[in-house]
Amino acid sequence: MFERFTREARDVVTGAVGHAERAAAERVTEEHVLLALTDRPPFTALGVRPEAVAESLAEARRRGGLSKADQEALASLGIDLGEVVSRIEEAHGVGALDGGPARRRSGRPRFTPGAKKVLEQSLRIALGRRERHIGTEHLLLALLTRPGSPAEVLADLGVTYARVEAALTPPRAS
């Protein structure tokens, strides 16, 4: 499958590994793929600042990776996630729920099942669009189809599947 990736898409995959290594992570996650995409087309055409993505992902990690839906479910039970996070951080330090820097074993970090699914989904999307190569746009669309923090962060920043599709579709001549 990797032979179908464009040069830019390969650079994103390599960049995701780099993000994981700089974070001393044992595994390359969907977050790392998203971070590697933020300074490349078509993401740059969407007008979203890479810093905003990084900040939003950091905030999601601070909540222990719980989504807003999780937060709402807990609230319906009378549990204030913000208060829980604050108390844990008071006792254990800021960022206690984000897992902190992992101690990586030797070698390159491996991809999580979720990150692998993003790569697989990018192939499906390319094939569905009748395109022979997998580009950065397919990786971005694949991230938007997966549940979790990256898709939630993108949605909060106004990046939706429909918006990316519209940005990719050339206007028809009339």
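Before any of the text, the structure's been laid out above.
Read on for an overview of the structure. In this text, all values refer to a predicted model and were calculated from it rather than measured experimentally. (Residues numbered from 1 in each chain as written. Predicted model: local features only at pLDDT ≥ 70, side-chain atom pairs only at ≥ 80, totals over all residues. Heavy atoms only, no water.)

## Quick look at the pattern of salt bridges
And step 1. Overall, the coordinates contain 7 salt bridges when judged by the stated rule.
And step 2. Between glutamate 51 and arginine 49 there is a salt bridge, and its shortest N-O distance comes to 3.5 Å.
And step 3. Its relative accessible area of 47% is what places arginine 49 among the partly exposed residues.
And step 4. Each of Arg129, Glu131 and Glu165 takes part in salt bridges that share partners, so that together they form one network. (Salt bridge = Lys/Arg side-chain N within 4 Å of Asp/Glu carboxyl O. Buried < 20%, exposed > 50% of the residue type's maximum accessible area, 1.4 Å probe, protein only.)

## Concerning the packing of helix H7 (residues 136-145) against helix H8 (residues 149-156)
Geometrically, a packed helix pair is captured by the angle between its two axes and the distance between the axes.
And step 1. In contact at an axis separation of 7 Å, H7 and H8 are set at 100° when each is read in the N-to-C sense. In terms of their interaxial angle, H7 and H8 are classed as roughly perpendicular. In contact with Leu140, Leu143 and Leu144 of H7, H8 contributes Pro150, Ala151 and Leu154. (Axes fitted to C-alpha atoms, helices over the stretch in contact; angles between N-to-C directions. Helix = DSSP H or I, 4+ residues; strand = E, 2+ residues; numbered from the N terminus. Parallel < 35°, antiparallel > 145°, perpendicular 65-115°, else oblique. Contact = heavy atoms within 4.5 Å.)

## Examining the environment of leucine 127
And step 1. Mapped onto the secondary structure, leucine 127 falls in helix H6 (residues 113-128).
And step 2. A sequence separation of 11 residues divides leucine 127 from histidine 138, and the C-alpha atoms of the two residues are 9.9 Å apart.

## Details of helix H3 (residues 50-62)
And step 1. When the terminal C-alpha atoms of H3 are compared, their 18 Å separation across 13 residues agrees well with the 18 Å that a helix rising 1.5 Å per residue should span.
And step 2. The complete set of buried residues in H3 reads Ala52, Val53, Leu57 and Ala60. Along the axis of H3, the buried residues cluster in a sector spanning 130°; they form a single face.
And step 3. At its buried positions, H3 is contacted by helix H2 (30-37) and H8.
And step 4. Downstream of H3 by one or two residues, glycine 64 has phi in the positive range, about 75°. (Expected span 1.5 Å × (residues − 1). Arc of directions from axis to C-beta.)

## Notes on helix H1 (residues 7-22)
And step 1. With 16 residues, H1 extends 22 Å from end C-alpha to end C-alpha; this agrees with the ideal 22 Å at 1.5 Å per step.
And step 2. Taken residue by residue, H1 has Ala9, Val12, Val13, Ala16, Val17, Gly18 and Ala20 as its buried positions.
And step 3. Of the residues trailing H1, alanine 24 is marked for its positive phi of about 55°.

## Some points on the environment of leucine 154
And step 1. Secondary-structure assignment places leucine 154 in helix H8.
And step 2. Classification of leucine 154 by relative accessible area gives buried; the value is 0%.
And step 3. Ignoring anything within four residues of it in the chain, the contact list for leucine 154 reads Leu34, Phe43, Leu140, Leu143, Leu144 and Val159.

## Things to note about the side chain of histidine 138
And step 1. For histidine 138, the position within the fold is in helix H7.
And step 2. Reaching out from histidine 138, the side chain makes a polar contact with the side chain of glutamate 131 at a distance of 2.5 Å.
And step 3. When neighbours within four sequence positions are excluded, histidine 138 is seen to be in contact with Ser122, Ile125, Ala126, Arg129, Glu131 and His133. (Polar contact = N/O pair within 3.5 Å; in protein donor to acceptor, adjacent residues only side chain to side chain.)

## A closer look at the side chain of threonine 136
And step 1. Position of threonine 136 relative to the elements: it lies in helix H7.
And step 2. Within the local environment of threonine 136, its side chain forms a polar contact with the backbone oxygen of proline 41, the two atoms lying 2.5 Å apart.
And step 3. Excluding anything up to four places from it in sequence, threonine 136 contacts Glu8, Ala9, Val12, Leu37, Arg40, Pro41 and Pro42.

## A closer look at a nonpolar patch on the surface
And step 1. Judged by side-chain polarity, Leu77, Ile79 and Val84 come together as a nonpolar surface patch covering roughly 260 Å² of accessible area.
And step 2. Topologically, leucine 77 is positioned in the loop between helix H4 (68-76) and helix H5 (81-92). (Patch = residues over 30% accessible without salt bridge, like charges linked within 9 Å, V, L, I, M, F, W, Y side chains within 5 Å. Areas by Shrake-Rupley, 256 points an atom, 1.4 Å probe, with all protein chains shown as cover.)

## Describing unusual backbone geometry
And step 1. Of note, the amide linkage connecting proline 41 to proline 42 takes the cis form, showing an omega dihedral of 0°.
And step 2. Within the secondary structure layout, proline 42 lies in the loop between H2 and H3.
And step 3. Within the chain, alanine 24 stands out as a residue other than glycine whose phi angle is a positive 55°.
And step 4. Topologically, alanine 24 is positioned in the loop between H1 and strand S1 (27-28).
And step 5. Its identity is not glycine, yet arginine 130 carries a phi of approximately 60°, on the positive side.
And step 6. Relative to the helices and strands, arginine 130 is located in the loop between H6 and H7.

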